[in-house]
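Remarks on the overall topology
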Amino acid sequence: QVQLVESGGGLVQPGGSLRLSCAASGNIIIINAMGWYRQAPGKERELVATIRSGGNTNYADSVKGRFTISRDNAKNTVYLQMNSLKPEDTAVYYCNARGYYGAGLQFGSWGQGTQVTVSS
């Protein structure tokens, strides 16, 4: 099993910044991709940003230019730097990771979620 633990959520004013972190633990062989998703009340979970092991990134149009995803492969950790936050960014943010662990088994894991609230 691979577990993900997120941190860094909270309350911030519009225009402010937050940095989310997500650390993966377990008998990990390789993490092919890590990413962040979010779910606002009454809405479906949506992709925010992903990053592959080689560094290729993908962003939702709504966060391009404001959010930056990065990862530390040695620490099995992914980060999401969120700048110029807007009230519509308010949601529970979930970390996701996919790869291989143990004796070569595939995994796909989700974190428990961290609340981000953008409000004055």
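What you are looking at is a predicted structure, and each value in this text was computed from that prediction instead of being measured.

1. Here we look at the packing of aromatic side chains
Per the stated rule, a full pass over the model turns up two aromatic pairs. Their ring planes at 65° and their centres at 5.1 Å tell us that Tyr37 and Trp110 sit as a pair that is edge-to-face. Highlighted residues: Tyr37 in strand β4 (residues 28-39) and Trp110 in strand β10 (residues 105-110), separated in sequence by 73 residues. On the accessibility criterion, Trp110 (41% relative accessible area) is partly exposed. Ring geometry for Tyr101 against Phe107: centres 6.1 Å apart, planes inclined by 80°, an arrangement best described as edge-to-face.

2. Describing the nonpolar core
A general tendency of soluble globular proteins is for nonpolar side chains to be buried together. Counting 32 residues, the largest nonpolar core has Trp36, Leu80, Met82 and Tyr93 as the members making the most contacts within it. Elements with a contribution of two residues or more to this core: β3 (18-25), β4, β5 (46-52), β7 (67-72), β8 (77-82), β9 (91-101) and β11 (114-118). Broken down by element, this core gets its largest block of residues, five residues, from β9. If near-sequence neighbours (up to four positions away) are discounted, Leu80 is found in contact with Leu18, Arg19, Leu20, Trp36, Val48, Ala49, Phe67, Thr68, Ile69 and Tyr93.

3. Things to note about the environment of Arg52
Within the secondary structure, Arg52 is located in strand β5. Arg52 sits in the partly exposed class, given a relative accessible area of 43%. With 40 residues separating them in the primary sequence, Arg52 and Val12 have C-alpha atoms 29 Å apart. Filtering out sequence-adjacent residues up to four positions away, Arg52 remains in contact with Asn32, Ala33, Arg71 and Arg98.

4. Things to note about the pattern of salt bridges
The final tally for this structure, using the stated rule, is four salt bridges. Between Lys64 and Asp61 there is a salt bridge whose closest N-O contact spans 3.1 Å. We classify Asp61 as exposed; its relative accessible area is 64%. Note that Arg66 is salt-bridged to Asp89, the shortest N-O span being 2.8 Å. Highlighted residues: Arg66 in the loop between β6 (57-59) and β7 and Asp89 in the loop between β8 and β9, separated in sequence by 23 residues.

5. What about the pairing of strand β1 (residues 3-7)?
Judged by which residues are buried, β1 turns out to be one-sided: Leu4 and Glu6 face inward and are buried, whereas Gln3, Val5 and Ser7, on the alternate face, are not. Across five bridges, the pairing between β1 and β3 is antiparallel. Following the sheet pairing, Val5 is matched in β3 by Ala23.

Parameters and conventions
Residues numbered from 1 in each chain as written. Predicted model: local features only at pLDDT ≥ 70, side-chain atom pairs only at ≥ 80, totals over all residues. Heavy atoms only, no water. Phe/Tyr/Trp six-rings, centres within 6.5 Å; stacked < 30°, edge-to-face > 60°. Helix = DSSP H or I, 4+ residues; strand = E, 2+ residues; numbered from the N terminus. Buried < 20%, exposed > 50% of the residue type's maximum accessible area, 1.4 Å probe, protein only. Core = buried A, V, L, I, M, F, W, Y, C linked by side-chain atoms within 4.5 Å. Contact = heavy atoms within 4.5 Å. Salt bridge = Lys/Arg side-chain N within 4 Å of Asp/Glu carboxyl O. Pairing = 2+ DSSP bridges.

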